[in-house]
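Per-entry structural report
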Amino acid sequence: QVQLVESGGGLVQPGGSLRLSCAASGSIFSINVMGWYRQVPGKERELVATITRGASNSVKGRFTISRDNAKNTVYLQMNSLKPEDTAVYYCNAEIWGVGLKSYDTYWGQGTQVTVSS
């Protein structure tokens, strides 16, 4: 069974940094696109950043997404954090499980990021 497990969330002061990690585990044949989304109560989940299998990292303003294919892990480095970045951050990945015929989309359980003084 394939699953995504996030870690690295928490409370940080404005201007601070956090690094989120998301590791995929289980019987995995291949991982295509990986990404991070975030959601605040009452609003729709929004895309933060995605990264394809062949890329090592991608900078999206204050955030940098990267991945380690050998570890089936995607990271989100968040710098100069602002209170409006407060949200639950979700990992997302297109994974081809062993024995299956195509990629399926998987989500992590979410990790809370709170930016407050």
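Look a little higher up for the structure.
Everything in this summary refers to the structure shown in the same document. Here the structure is a predicted model, which is why all the values come from computation and not from measurement. (Residues numbered from 1 in each chain as written. Predicted model: local features only at pLDDT ≥ 70, side-chain atom pairs only at ≥ 80, totals over all residues. Heavy atoms only, no water.)

1. Notes on the nonpolar core
Membership of the largest hydrophobic core comes to 28 residues, with the highest contact counts inside it found for Leu4, Trp36, Val74, Leu76, Met78, Tyr89 and Ile95. Contributions of two or more residues to this core are made by β3 (18–25), β4 (28–39), β5 (46–51), β7 (63–68), β8 (73–78), β9 (87–97) and β11 (111–115). Take this core: its biggest share by element is five residues, from β9. (Core = buried A, V, L, I, M, F, W, Y, C linked by side-chain atoms within 4.5 Å. Buried < 20%, exposed > 50% of the residue type's maximum accessible area, 1.4 Å probe, protein only. Helix = DSSP H or I, 4+ residues; strand = E, 2+ residues; numbered from the N terminus.)

2. Quick look at the pairing of strand β1 (residues 3–7)
Only one face of β1 is buried, namely the one carrying Leu4 and Glu6, since none of Gln3, Val5 and Ser7 on the opposite face is buried. Inspection of the sheet shows β1 paired to β3 by five bridges, in the antiparallel sense. Residue Ser7 lies in a different strand from β3, and its bridge partner there is Ser21. (Pairing = 2+ DSSP bridges.)

3. Focus on the side chain of Ser66
Its location among the elements puts Ser66 in strand β7. Other than its neighbours up to four places away in sequence, Ser66 contacts Ile51, Ser56, Asn57, Thr73, Val74 and Tyr75. (Contact = heavy atoms within 4.5 Å.)

4. Topic: the sheet that holds β1
Whenever strands of a sheet pair, they do so through backbone hydrogen bonds, lying parallel or antiparallel. In spatial order, the strands read β1-β3-β8-β7-β6; together these five strands make up an open sheet with antiparallel pairing. If you trace the sheet from one side to the other, it starts and ends with β1 and β6 (57–60), each paired once. Pairs of neighbouring strands in the sheet enclose a mean axial angle of 15°, with direction left out of account. Where β7 and β8 come together, six bridges link them in antiparallel fashion. Paired with Arg67 across the bridge in β8 is Val74. (Axes fitted to C-alpha atoms, helices over the stretch in contact; angles between N-to-C directions.)

5. Digging into the environment of Ser56
Of note, Ser56 is situated in the loop between β5 and β6. With near-sequence residues (within four places) excluded, Ser56 lies in contact with Ile51, Ile65, Ser66 and Arg67. In this structure the side chain of Ser56 is engaged in a polar contact, spanning 3.4 Å, whose partner is the side chain of Asn57. (Polar contact = N/O pair within 3.5 Å; in protein donor to acceptor, adjacent residues only side chain to side chain.)

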